[in-house]
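Architecture and fold: a report
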Amino acid sequence: MYDQASALRRLAGERDSAFAKSMRVLAVSSGKGGVGKTSLVVNLALALADYNYRVIILDGDLGLANVDVAFGITPRYNIRNLLNGEKNIEEIIYPVEKGVKILPGASGVMELANLDRGRLQNVLVNLGRLEKMADILLIDTGAGLGHNTLNFICASDDCILVLTPEPPSMTDAYGLLKSIHKQAEKINVNVVVNRVKSETEAQQAYERLAYAAQKFLGFPLRLLGWIYDDPLVGRSVMEQKPLALSHPQSHAYKCIQWIAGNVVGIYRQPPTPNGGIKGFLSTLLSSN
Ligand SMILES: Nc1ncnc2c1ncn2[C@@H]1O[C@H](COP(=O)(O)OP(=O)(O)OP(=O)(O)O)[C@@H](O)[C@H]1O
Ligand SMILES: [Mg+2]
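Keep in mind the model is a prediction, meaning the values are calculated, not measured. (Residues numbered from 1 in each chain as written. Chains lettered and ligands numbered in written order. Predicted model: local features only at pLDDT ≥ 70, side-chain atom pairs only at ≥ 80, totals over all residues. Heavy atoms only, no water.)

**Focus: the coordination of the magnesium ion (ligand 2)**
What counts is decided by this rule: A donor here means an N, O or S atom no more than 2.8 Å from the metal, or no more than 3.2 Å when the metal is Na, K or Ca. Since water is not included, a site may seem to lack partners. Secondary structure is summarised from DSSP: a helix means a run of H or I of at least four residues, a strand means a run of E of at least two, and numbering begins at the N terminus for each. Burial status follows relative accessibility: with a 1.4 Å probe on protein chains alone, a residue under 20% of its type maximum counts as buried, one over 50% as exposed, and anything between as partly exposed.
At this site the magnesium ion (ligand 2) is bound by Thr-38 (OG1) and Asn-66 (OD1), with donor distances of 2.0 to 2.4 Å. With Thr-38 in helix H2 (residues 37-50) and Asn-66 in helix H3 (residues 66-71), this pair connects stretches of sequence that are 28 residues apart. The class of Thr-38 is buried, set by a relative accessible area of 14%. The exposure class of Asn-66 is partly exposed, given its relative accessible area of 23%.

Okay, here's the thing in structure tokens:
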């Protein structure tokens, strides 16, 4: 059988100069849907921009274009146009506020697995150029145990697991952790507890999950932060304007700014062996 992953590794190796080593890939995921991933991704990107990080958001929620909706934008092209060879990466990337950029239409990323060598080469050259455009590739993955979600998480350098303190969200978060653990033992999982009423509620939710993950999976988690339940989040969704821009003084956005500071802390530590966009693509392809 044609080995896509080894072909990719060979091509990536041939093109080392196109890949700087600095970009980190950070996947934001959740066990249950609707817990606040997109809201976190969009506002975290804007908060990281204030720390002078160049961020590209990859909308990995297949088909739903969550990130476009959050910004109220309708990009003309998506990653499929790149795979078809119709457009290059610079034409697809959609700039929004504060220098943040969107890479729309991640359903096309999964099509990478079926590309022939000629097209793969072209895509690699294009995606390799991402390294020069940004410091962080922030992926809004779909929720749950879908094959694509897991592949995105396991191919990333780090993962943020979003949950709310409600029991179904906790149970599904644990289910996702179990699957991540099976597929990639080395991934760093950072927890954000969303929609909390108090710090105590956040700490308790985190500790329950961290205890179960450690005891039954031997898997350490880390608390990255929490976000208060805040009606302004819902309002910004209705306005299709991210909280960072519409309500920067809100409690929820202040929490996200604090979380961004903690993410910056992660990036002061050495990267995992996964290794940026090159490692991301290589792992993504080998898992298909
Ligand atoms: N901190 C918060 N306070 C109040 N409401 C919130 C908060 N975070 C998210 N929400 C609400 O939850 C809803 C779902 O948020 P969001 O779309 O970000 O979740 P998601 O995890 O991306 O969902 P999906 O799995 O469907 O992609 C939003 O409409 C928003 O109003
Ligand atoms: Mg979403």
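The discussion continues.
**Let's talk about helix H11 (residues 199-217)**
The line we're drawing: What a helix should span is 1.5 Å times the count of its residues minus one. Here, the arc refers to the directions that run from the helix axis to the C-beta atoms. Only heavy atoms matter for contacts: two residues are in contact if any of them lie within 4.5 Å across the pair.
Given a rise of 1.5 Å per residue, 19 residues ought to cover 27 Å, and the 26 Å separating the end C-alpha atoms of H11 matches this to within 8%. Burial in H11 covers these residues: Ala-202, Ala-205, Tyr-206, Leu-209, Ala-210, Ala-212, Ala-213 and Leu-217. All buried residues of H11 fall inside an arc of 160° around its axis, so they share one side. Exposed side of H11, more than 90 degrees from the buried face: Tyr-211 and Lys-215 are the residues found there. The inward-facing, buried residues of H11 abut strand S6 (158-163), helix H10 (167-183), strand S7 (188-196) and strand S8 (222-228). Note on H11: the residue one or two positions beyond its end, Gly-218, has a positive phi of about 65°.

**Some thoughts on the sheet that holds strand S5 (residues 136-141)**
Condition: Pairing between two strands is assigned when DSSP locates at least 2 bridges connecting them. Here an axis means a line fitted to C-alpha atoms, over the contact stretch when the element is a helix, while the angle between two N-to-C directions is reported on a 0 to 180 degree scale.
Strand order across the open sheet formed by 8 strands is S3-S4-S2-S5-S1-S6-S7-S8, with mixed pairing between neighbours. Strand pairing shows two members of the sheet lacking a second neighbour, strand S3 (94-95) and S8, which therefore form its edges. Examined bridge by bridge, S7 and S8 share 5 bridges and lie parallel to one another. Bridging from a neighbouring strand, Val-196 pairs with Tyr-228 of S8. Together, strand S1 (24-29), strand S2 (55-60), S5, S6, S7 and S8 form the strand contacts of H2, whose direction differs from that of S5 by roughly 165°. Contacting S1, S6 and S7, H10 crosses the sheet at an angle of about 160° to S6.

**Examining the packing of aromatic side chains**
To describe a pair of aromatic rings, one takes the distance between the centres and the angle between the planes. Let me state the cut-off plainly: Think of it this way: a Phe, Tyr or Trp ring, Trp meaning its six-membered ring, pairs with another when their centres are within 6.5 Å, and the plane angle makes it stacked under 30 degrees, edge-to-face over 60, tilted otherwise.
In this structure the tally under the stated criterion is 1 aromatic pair. Both rings, one in Trp-226 and one in Trp-258, keep their centres 4.8 Å apart while their planes meet at 70°; by these two values the pair is edge-to-face. Residue Trp-226 is located in strand S8, and its partner Trp-258 is located in helix H14 (residues 251-266); the two are separated by 32 residues in the primary sequence.

**Focus on the site of ligand 1**
How we decide: Throughout, near means a residue has at least one heavy atom within 4 Å of the molecule or strand. Counting of polar contacts relies on pairs of N or O atoms within 3.5 Å, with two restrictions inside protein: one atom must be capable of donating a hydrogen and the other of accepting it, and residues adjacent in sequence are counted only when both atoms are side-chain atoms. In this description, accessible areas are obtained by the Shrake-Rupley approach with a 1.4 Å probe, and a residue is regarded as covered only by the protein chains that are shown. Amino acids are sorted into nonpolar (Ala, Val, Leu, Ile, Met, Phe, Trp, Tyr, Cys and Pro), charged (Asp, Glu, Lys and Arg) and polar (every other residue, Gly among them).
For ligand 1, the set of nearby residues contains 18 residues, the closest of which are Lys-37, Thr-38, Ser-39, Asn-194 and Asp-230. Measuring from an oxygen atom of ligand 1, one finds a backbone N or O atom of Gly-36 at 2.9 Å. Measuring from a nitrogen atom of ligand 1, one finds a backbone N or O atom of Asp-230 at 2.9 Å. When ligand 1 sits alone it has 640 Å² of accessible area, and the protein chains cover 78% of it. Contributing elements (two or more residues each) for the shell around ligand 1: H2, S7, S8 and helix H12 (231-239). When grouped by side-chain class, the residues that make up the shell around ligand 1 number 5 nonpolar, 8 polar and 5 charged.

**Describing the environment of Lys-37**
With respect to the helices and strands, Lys-37 occurs in helix H2. Assessed through its relative accessible area of 6%, Lys-37 is described here as buried. Spatially, the C-alpha atom of Lys-37 lies 6.4 Å from that of Val-162, the residues being 125 residues apart in sequence. Once you skip the residues sitting within four places of it in the chain, Lys-37 turns out to touch Val-28, Ser-29, Ser-30, Lys-32, Asp-140, Thr-141, Gly-142, Ala-143 and Val-162.

**Some thoughts on the pattern of salt bridges**
To keep it simple, the criterion reads: Only one rule defines a salt bridge in this text: a Lys or Arg side-chain nitrogen within 4 Å of an Asp or Glu carboxyl oxygen.
Within this structure, the stated rule accounts for 5 salt bridges. Of the charged contacts, one joins Asp-50 and Lys-98 as a salt bridge, the two residues approaching to 3.0 Å between their closest N and O atoms. Residue Asp-50 is located in helix H2, and its partner Lys-98 is located in the loop between S3 and strand S4 (101-103); the two are separated by 48 residues in the primary sequence. The residue Arg-54 makes a salt bridge to Asp-135 at a minimum N-O spacing of 3.0 Å. One end of the pair, Arg-54, is in the loop between H2 and S2; the other, Asp-135, is in the loop between helix H8 (130-133) and S5, with 81 residues separating them in the sequence. A residue is classified by how much of its surface remains accessible, and Arg-54, at 36% relative accessible area, is partly exposed.

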